[in-house]
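Understanding the architecture of this molecule
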Amino acid sequence: MGESTEFGAELTDFRSRVEELKSARSLPPEDRMAALDTALFELQHAADVLLPRYEELATAGRGGARREDPEVRLLRGLFQRLPLPVALTDRSTVVRRINVAAAEIFGMQAGYATGRALTGALSHDSRAAFRSQVAAVARGEGARSLVVRRLGESGLPGAAGGALRATLTALRPPDEQRPAVLVVFQPIASSEAERETARPPAPGRRTAPVRFPRPELAEVTRHAELMDLVDDMAAGLLSVPEGDTKAVLDVAAGLLHERFADWVIADLADGGGAGGGPGAAGPARLRRAVVLGSAPGSAAGLAALDPSDAPLVVEAVRDGVSALRVRPEDPDAFGRDASGAAVLVSARVTSLICVPLSAPGGAADGGGPGRAAPPVLGALTLLRTGGRRAFEMAEAGAVNRMSRHLALALRRPAARP
């Protein structure tokens, strides 16, 4: 059983490496030699290692499947019917087994929880401590217990049922090299949880004043640069004649290009711009309006592509959601160029931001549930490539604000003569 599990894990890793090698087709010809050597190495590994191990396991399995030990079946039934919430995890808190009581107390299905980190069901202030204690128990440093809170509980005094005492102990399942961690949860009273977490200072001991860390100079500088960019964007959009969609997009892209991003792509929906209105109905057709990049030839090729083939752009326009991707895993998230190469791979994109162009005024922007959401006029995509610093959350927030300014400028009707 252990050999089969280990072979399955190794085969899964081999498949993931093959999937990564498939993206090598998008690399320039001069960069494909290393990928070719890697592919030959993987083929040799499959022929010399994986195939013989598969034949050994297949030969051993021809003798017939072993019946499950009645004791194992009894223990599995007892584990599921224990009245206390119990979970079996690995050293990184990933759930291997969870009983019915634990699934109920965390509000999840056992099949859903298996293979996911148990910290996802805990409040944010409990995750680091729980993860650290599980790792210590897995290292053989002894059993221990701590107080945690479920996700969604307020944690305020008097919040009954939010606190749990987690008792951890190490187990070594048969036919496995690494130990597992058995976690037993017990609901405790809020008063006991407060005593555990608060721990007031001893009598006569002076409490040191709270000192907040000073922000770093680099962080302050980046924040000032973002505010300057937002201010320049607002001033530039106000200076554009009303109703001139092309001028609005050119000014916005010019401010963002090179100063903030290596690539700036603006896509508009049909009816987008000054002529678009809330009454637009039906599925929107997308057209690429502006592309500014590092190379003129590449920019022209990207401008000729259909934005409907870029899943990120389609989701931004259809659902009105923003996306921040650092080292994007899906190479096809922004579509493929005319040669069939993934745009994110050929452009060597390291991070990206894609936001919808939606003016404020609807429920999503604080307009209240009774008001209709504003129409999405298009999408703005920013790419950073090479060794440039990746986008951060603060920068994504600034881009969201600038996108609303841009949508307002696009919605302004042309001035009457």
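Let me sum up the structure you'll find in this document. Bear in mind that the values here come from a model prediction, so they are computed numbers and not experimental data.

Bringing unusual backbone geometry into the picture now. If you check the backbone angles, T93 has positive phi at about 70° while not being a glycine. Of note, T93 is situated in the loop between β1 (86-89) and β2 (95-98). Since its relative accessible area comes to 0%, T93 is described here as buried. Phi angles above zero are rare outside glycine, and R348 is one such case at about 55°. For R348, the location among the structural elements is in the loop between α12 (343-346) and β9 (349-358).

Residues L256, F260, L357, L380, L382, L406 and L410 are the most contacted members of the largest nonpolar core, which totals 34 residues. Elements supplying a minimum of two residues to this core: α8 (217-238), α9 (245-256), β6 (263-269), β9, β10 (376-385) and α13 (393-411). With eight residues, the top contributor of residues to this core is α13. Other than its neighbours up to four places away in sequence, L406 contacts L237, V248, L249, A252 and L357. One finds A269, V317, L344 and L352 within the second-largest nonpolar core, a separate group that totals 24 residues.

Here the focus is the sheet that holds strand β5 (residues 180-187). The five strands lie next to each other as β2-β1-β5-β4-β3, forming an open sheet whose pairing is antiparallel. For this open sheet the edge positions go to β2 and β3 (144-149), each flanked by a neighbour on one side alone. Put simply, the sheet's adjacent strands are angled 25° from each other on average, direction ignored. Pairing of β1 with β5, which is carried by four bridges, proceeds in the antiparallel orientation. Directly across from V86, in β5, lies its bridge partner V184. Its contacts with the sheet place helix α6 (residues 124-138) against β1, β3, β4 (163-171) and β5, and it is angled at close to 160° to β3.

Rules used throughout
- Residues numbered from 1 in each chain as written.
- Predicted model: local features only at pLDDT ≥ 70, side-chain atom pairs only at ≥ 80, totals over all residues.
- Heavy atoms only, no water.
- Helix = DSSP H or I, 4+ residues; strand = E, 2+ residues; numbered from the N terminus.
- Buried < 20%, exposed > 50% of the residue type's maximum accessible area, 1.4 Å probe, protein only.
- Core = buried A, V, L, I, M, F, W, Y, C linked by side-chain atoms within 4.5 Å.
- Contact = heavy atoms within 4.5 Å.
- Pairing = 2+ DSSP bridges.
- Axes fitted to C-alpha atoms, helices over the stretch in contact; angles between N-to-C directions.

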